[in-house]
Amino acid sequence: MTDLSKITTDGKAFYLAYDQGMEHGPTDFDDENVDPKEILDIALKTKVNAIILQKGIAENYYSGTEYAQKIPLILKLNGKTNLATGEDPYSPQICTVHEALSLGASAVGYTIYVGSKYEPQMFSEFAKIEEEAHSRQIPVIGWMYIGGSGSIGKDPRDLTAYATRLGLEMGADMVKIKYPGNLENLKWAVESAGKVRVVVSGGKMDKVEDFLEMVRIVMKSGATGMAAGRNIWQNENPTEIAKKTKEIIFS
Ligand code: FBP
């Protein structure tokens, strides 16, 4: 397994995700968080294990700056908008491992929509990324998101465990999944992942307490931690909520 020590602390992790500008558009942002510098400042203040960016933001705001010396980078290698997404999502590769390394990445990420009819394309891109990243000892994180015609009507517990297992089968070092609704489902997904680490994405929750409760459940399940975005930087006090999240993850 690839060494994860640059992006974990005592085997646990808290990542700040800021790739929503591509996935959702600026609709997620307001004056407080539309500027990537604000988010990098939150990451710096709260000492997250890594920030997750697309290449354009990394190039313009991270690379060659103080941030790059202090915050590890997970570079997303693929992406899509939500405008063109039909029933079967496909998120094409837009950045190479080589570019990611030149931007200072400590790990790379790639989304596979498990259940999409475009799985063959995504598998093929992921496999090449995995081969190159591992030949350079760079960890690969699979955003294993359920989506597409093949997943419709199936049990979330089975689907989530299938998604994490797919990460193990495909050679990911870590998988990032959406919260599957309860502790029991998540435990099974973590178990199914074997040696592959599991982090859970935030989603957007209305109440801070609900988010923190989810973090508690995530840590009870044996998962490695969280990769959260909107629940942190959309909060009126991002540093405070990040601090509380960290306390749960690392306690
Ligand atoms: P959030 O914590 O804001 O949900 O971010 C996690 C994340 O996985 C991002 O990396 C990504 O941009 C977004 O969620 C995708 O969300 P969705 O699948 O809901 O469009």
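In this text the structure is predicted, and so the values were computed from the model without any measurement. (Residues numbered from 1 in each chain as written. Predicted model: local features only at pLDDT ≥ 70, side-chain atom pairs only at ≥ 80, totals over all residues. Heavy atoms only, no water.)

**Notes on the packing of helix α8 (residues 183-192) against helix α9 (residues 208-220)**
Helix-helix packing: each pair is described by the crossing angle between the helix axes and the interaxial distance.
Here's step 1: α9 packs onto α8 with a crossing angle of 40° between their chain directions and a minimal axis gap of 9 Å. The angle between α8 and α9 falls in the class oblique. Note that α8 runs across α9; the crossing there is right-handed. Taken together, the residues of α9 that come into contact with α8 (itself represented by Leu183, Leu186 and Lys187) are Ile217, Val218 and Lys220.
Here's step 2: Taken together, the residues of the contact of α8 with α9 break down into four nonpolar, no polar and two charged. (Axes fitted to C-alpha atoms, helices over the stretch in contact; angles between N-to-C directions. Helix = DSSP H or I, 4+ residues; strand = E, 2+ residues; numbered from the N terminus. Parallel < 35°, antiparallel > 145°, perpendicular 65-115°, else oblique. Left-handed = near helix turned anticlockwise from the far one by under 90°. Contact = heavy atoms within 4.5 Å. Nonpolar A, V, L, I, M, F, W, Y, C, P; charged D, E, K, R; others polar.)

**Comments concerning the packing of helix α2 (residues 36-46) against helix α11 (residues 238-250)**
Here's step 1: Packing of α2 against α11 brings their axes to within 10 Å, and their N-to-C directions diverge by 45°. Judged by the angle between their axes, α2 and α11 are oblique. Relative to α11, the crossing made by α2 is right-handed. From α2, Ile42, Lys45 and Thr46 reach across to α11, where they touch Pro238, Thr239, Ala242 and Lys246.

**A word on the environment of Leu103**
Here's step 1: Along the chain, Leu103 falls in the loop between α5 (97-102) and β4 (105-114).
Here's step 2: Overall, the relative accessible area of 10% leaves Leu103 in the buried class.
Here's step 3: The spacing of Leu103 and Leu73 is 30 residues in sequence and 8.7 Å in space, taken between C-alpha atoms.
Here's step 4: Beyond its immediate stretch of four places on either side in the chain, Leu103 contacts Lys55, Ala58, Glu59, Tyr62, Ser63, Leu73 and Leu75. (Buried < 20%, exposed > 50% of the residue type's maximum accessible area, 1.4 Å probe, protein only.)

**Quick notes on the nonpolar core**
Here's step 1: Ranked by size, the top nonpolar core spans 78 residues in total, and within it Tyr15 and Ile51 carry the most contacts.
Here's step 2: Per-element tally for this core: the top contributor is β4, with seven residues.
Here's step 3: When near neighbours in sequence (up to four residues on either side) are disregarded, Tyr15 contacts Ile7, Thr8, Asn49, Ala50, Ile52, Ile74, Met174, Val199, Met226, Ala227 and Ala228. (Core = buried A, V, L, I, M, F, W, Y, C linked by side-chain atoms within 4.5 Å.)

**A closer look at the sheet that holds strand β6 (residues 174-177)**
Here's step 1: Spatial ordering of the closed barrel is given by β1-β2-β3-β4-β5-β6-β7-β8, a layout of eight strands whose pairing is parallel. Adjacent strand axes in the sheet meet at a mean angle of 25° when their direction is disregarded.
Here's step 2: Across four bridges, the pairing between strand β1 (residues 13-17) and strand β8 (residues 225-228) is parallel. Each bridged residue has a counterpart across the sheet, and for Ala13 the counterpart in β8 is Gly225.
Here's step 3: Lying on the sheet, helix α3 (residues 55-62) is in contact with β2 (50-53) and β3 (73-76); it crosses β2 at an angle near 120°.
Here's step 4: Most of the contacts of helix α7 (residues 156-170) go to strand β5 (residues 140-146), to which it runs at about 155°, and overall it touches β4, β5, β6 and β7 (197-201). (Pairing = 2+ DSSP bridges.)

**Topic: the site of the ligand**
Here's step 1: Around the ligand, the structure places 15 residues, and the nearest of them are Asp19, His24, Tyr145, Lys176 and Lys178.
Here's step 2: Separating an oxygen atom of the ligand from a side-chain N or O atom of Lys176 is a distance of 2.4 Å.
Here's step 3: Between Lys178 and the ligand, the recorded distance is 2.3 Å, taken from a side-chain N or O atom to an oxygen atom.
Here's step 4: Secondary-structure elements contributing two or more residues to the shell around the ligand are α1 (20-23) and β5.
Here's step 5: Considered class by class, the residues forming the shell around the ligand number four nonpolar, six polar and five charged. (Near = heavy atom within 4 Å. Polar contact = N/O pair within 3.5 Å; in protein donor to acceptor, adjacent residues only side chain to side chain.)

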